[in-house]
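Architecture and fold: a report
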Amino acid sequence: MSAVSDRLPVFPWDKLEPYKKKAAAHPDGVVDLSVGTPVDPVPDLIQKALVDAADSPGYPTVWGTPALRDAITGWTERRLGARGVTHRHVLPIVGSKELVAWLPTQLGLGPGDRVAFPRLAYPTYEVGARLARADHEVYDDPTDLDPAGLKLLWLNSPSNPTGEVLPKEELRRIVAWARAHGVLVFSDECYVELGWDADPVSVLHPDVNGGSFDGLVAVHSLSKRSNLAGYRAAFLAGDPAVLGPLLEIRKHGGMMTSAPTQAAVAAALGDDAHVHVQRERYAARRALLREALLGHGFRIEHSEASLYLWATRDEPCWDTVAHLAERGILVAPGDFYGPAGERHVRVALTVTDERVAAAVRRL
């Protein structure tokens, strides 16, 4: 077991514990803007669907119920502008992090194969490569990479942590390059419905992929848009030639979403109203925190989408973390997402209105 765990970096959030204790000592309590875990209620119609499906004594299927697959295909066409999505083009997964961490292994990658992801990125892309013993590298522009041996290219728009959105033209250029070199593209689009100063576009849109899903898979999650982080609810959509083998592997591995969760996801994807309500909550919190950070001497970069503000005081990120912890505010240091983030912090919008007001007062 140690041989596997030794491949992995130190779990980043453990390094934040001393600052969390410092922030928690504030007389008015901690304002935790670090992890980005949803705090608002699960919408009633989703809870009802979960409860109605609670009497599910049999094993669920990995591919999901037909109702769930219908909901996914309908949502991708309605919300992402995808065309021609069938059941063969979709696959439920047990939360997006599980997929990211184990995808290189499930694709059969190993020593000598390369996985690439953005220079500032969700740490689990690297973890997935390490678990498979594959090589990994970062990029500013993926088309500058050497395509030889490059087996998996991660895109992430809107970005975690920066909130940067790749324009449609840029996505089209990258997809064309990847196809020309036979590179598989997985696009992490978990924040696609949370654009503020930009309108995120999916690789599933025909303006990006030319009407073909060949070599493309998009990753989507309900954690943020529907407050379902506790449900572990996500799905893939894209190339059936990729999803078919993944389905078979996941059947053997028992990677199945629970039956009540499948019913809840179908209900969530069929309703857009609750997403609009949640967006308004986040928009209001974003405006207040952004103004307070700017007034406190921060500069906000990118952050045109997602649930974070990418902020800097032009100092080492851990100095910023300590400065805010003294005020009872906990944020994530930018170097969690790569050395390029060493002078930034990521500020999450996922706290209650009362805690936002507390942070604003302290700033």
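The residue count restarts for each chain, going from 1 along the sequence in the order it is written. A pLDDT threshold of at least 70 governs which residues receive local features in this predicted model, and a stricter bar of 80 or more applies before side-chain atom pairs are shown or counted, although totals over entire chains, interfaces and linings include all residues. Computation of side-chain values: all heavy atoms of the structure, hydrogens and water removed.

Concerning the sheet that holds strand β11 (residues 329-333)
A pair of strands is labelled paired if DSSP reports no fewer than 2 bridges between them. Note on conventions: DSSP H or I runs of at least 4 residues are helices, E runs of at least 2 residues are strands, and numbering of each starts at the N terminus. On the basis of which strands lie adjacent, the open sheet formed by 5 strands has the order β1-β11-β12-β10-β9 and mixed pairing. The sheet is open, and its two borders are formed by β1 (31-33) and β9 (299-301), each paired with just one other strand. Each strand of the sheet is rotated relative to its neighbour by a mean of 40 degrees, with strand direction disregarded. Examined bridge by bridge, β11 and strand β12 (residues 345-348) share 2 bridges and lie antiparallel to one another. Its bridge partner lying in β12, Pro333 is registered against Val345. This element, helix α13 (residues 353-362), spans β1 and β11 of the sheet and lies at about 100 degrees to β1. Note on geometry: axes are C-alpha line fits, over the in-contact stretch for helices, and angles between N-to-C directions span 0 to 180 degrees. Contacts between residues were defined by any pair of non-hydrogen atoms, one from each residue, lying within 4.5 Å.

Things to note about the sheet that holds strand β5 (residues 150-156)
Pairing between sheet strands relies on hydrogen bonds along the backbone, with the strands arranged either parallel or antiparallel. Sheet architecture is open: 7 strands sit in the order β2-β8-β7-β6-β5-β3-β4, paired in mixed fashion. Two strands close off the open sheet at either side, each with one partner strand: β2 (90-93) and β4 (135-139). This sheet shows a mean twist of 20 degrees between the axes of neighbouring strands, independent of strand direction. The pairing of strand β7 (residues 216-221) with strand β8 (residues 234-238) spans 5 bridges and is antiparallel. Following the sheet pairing, Ser221 is matched in β8 by Ala234.

Quick look at the nonpolar core
Grouped together as the largest cluster of nonpolar side chains are 64 residues, with contacts concentrated most on Trp154, Phe186 and Leu236. In this view, Trp154 contacts Leu99, Val100, Leu103, Val115, Ala116, Phe117, Pro118, Tyr125, Tyr139, Phe186, Asp188 and Val219; residues no more than four positions away in its chain are not counted. Residues enter a nonpolar core if they are buried and are Ala, Val, Leu, Ile, Met, Phe, Trp, Tyr or Cys, with the set joined through side-chain atoms within 4.5 Å. Exposure classes here rest on a 1.4 Å probe applied to the protein chains alone. A residue is buried below 20% of its type maximum, exposed above 50%, and partly exposed in between. By size, the runner-up hydrophobic cluster in this structure holds 43 residues, among which are Trp177, Val183, Val203 and Tyr231.

Observations regarding the environment of Val321
Counting through the fold element by element, Val321 comes out in helix α12 (residues 317-325). For the pair Val321 and Ala23, spaced 298 residues apart in sequence, the C-alpha separation works out to 9.8 Å. The contacts of Val321, once residues within four sequence positions are left out, are Leu16, Tyr19, Val331, Pro333 and Val345.

Section: the pattern of salt bridges
Oppositely charged side chains can form a pair if their charged atoms are brought close together. A pair is scored as a salt bridge if a Lys or Arg side-chain nitrogen falls within 4 Å of a carboxyl oxygen belonging to Asp or Glu. Scanning all chains against the criterion turns up 24 salt bridges. Linking Arg362 and Asp28 is a salt bridge whose minimum nitrogen-to-oxygen distance equals 3.1 Å. Separated by 334 residues along the polypeptide, Arg362 in helix α13 and Asp28 in the loop between α2 (17-24) and β1 bring together distant segments of the chain. One salt bridge connects Glu193 with Arg225, and the closest N-O pair in it is separated by 2.7 Å. Placement of the pair is Glu193 in the loop between β6 (184-188) and α8 (206-209) and Arg225 in the loop between β7 and β8, with a sequence separation of 32 residues. Judged on exposure class, the residue Glu193 and its partner Arg225 are both buried. Residues joined in a network through salt bridges with shared partners are Asp28, Glu354, Arg355, Arg361 and Arg362.

Some words on the packing of aromatic side chains
Stacked, tilted and edge-to-face pairs are distinguished by plane angle, under 30 degrees for stacked and over 60 for edge-to-face with tilted covering the rest, among Phe, Tyr and Trp rings (Trp via its six-membered ring) whose centres lie within 6.5 Å. Counted by the stated rule, this structure contains 10 aromatic pairs. Ring plane angle 40 degrees and centroid distance 5.2 Å describe the contact between Tyr19 and Trp318, whose orientation is recorded as tilted. Of the two residues, Tyr19 sits in helix α2 while Trp318 sits in helix α12, which places them 299 residues apart along the sequence. By relative accessible area, which is 21% here, Trp318 ends up partly exposed. Aromatic pair Trp154 and Phe186: ring centres 5.6 Å apart, planes at 65 degrees, arrangement edge-to-face. You can see Trp154 sitting in strand β5 and its partner Phe186 sitting in strand β6, a full 32 residues away along the chain.

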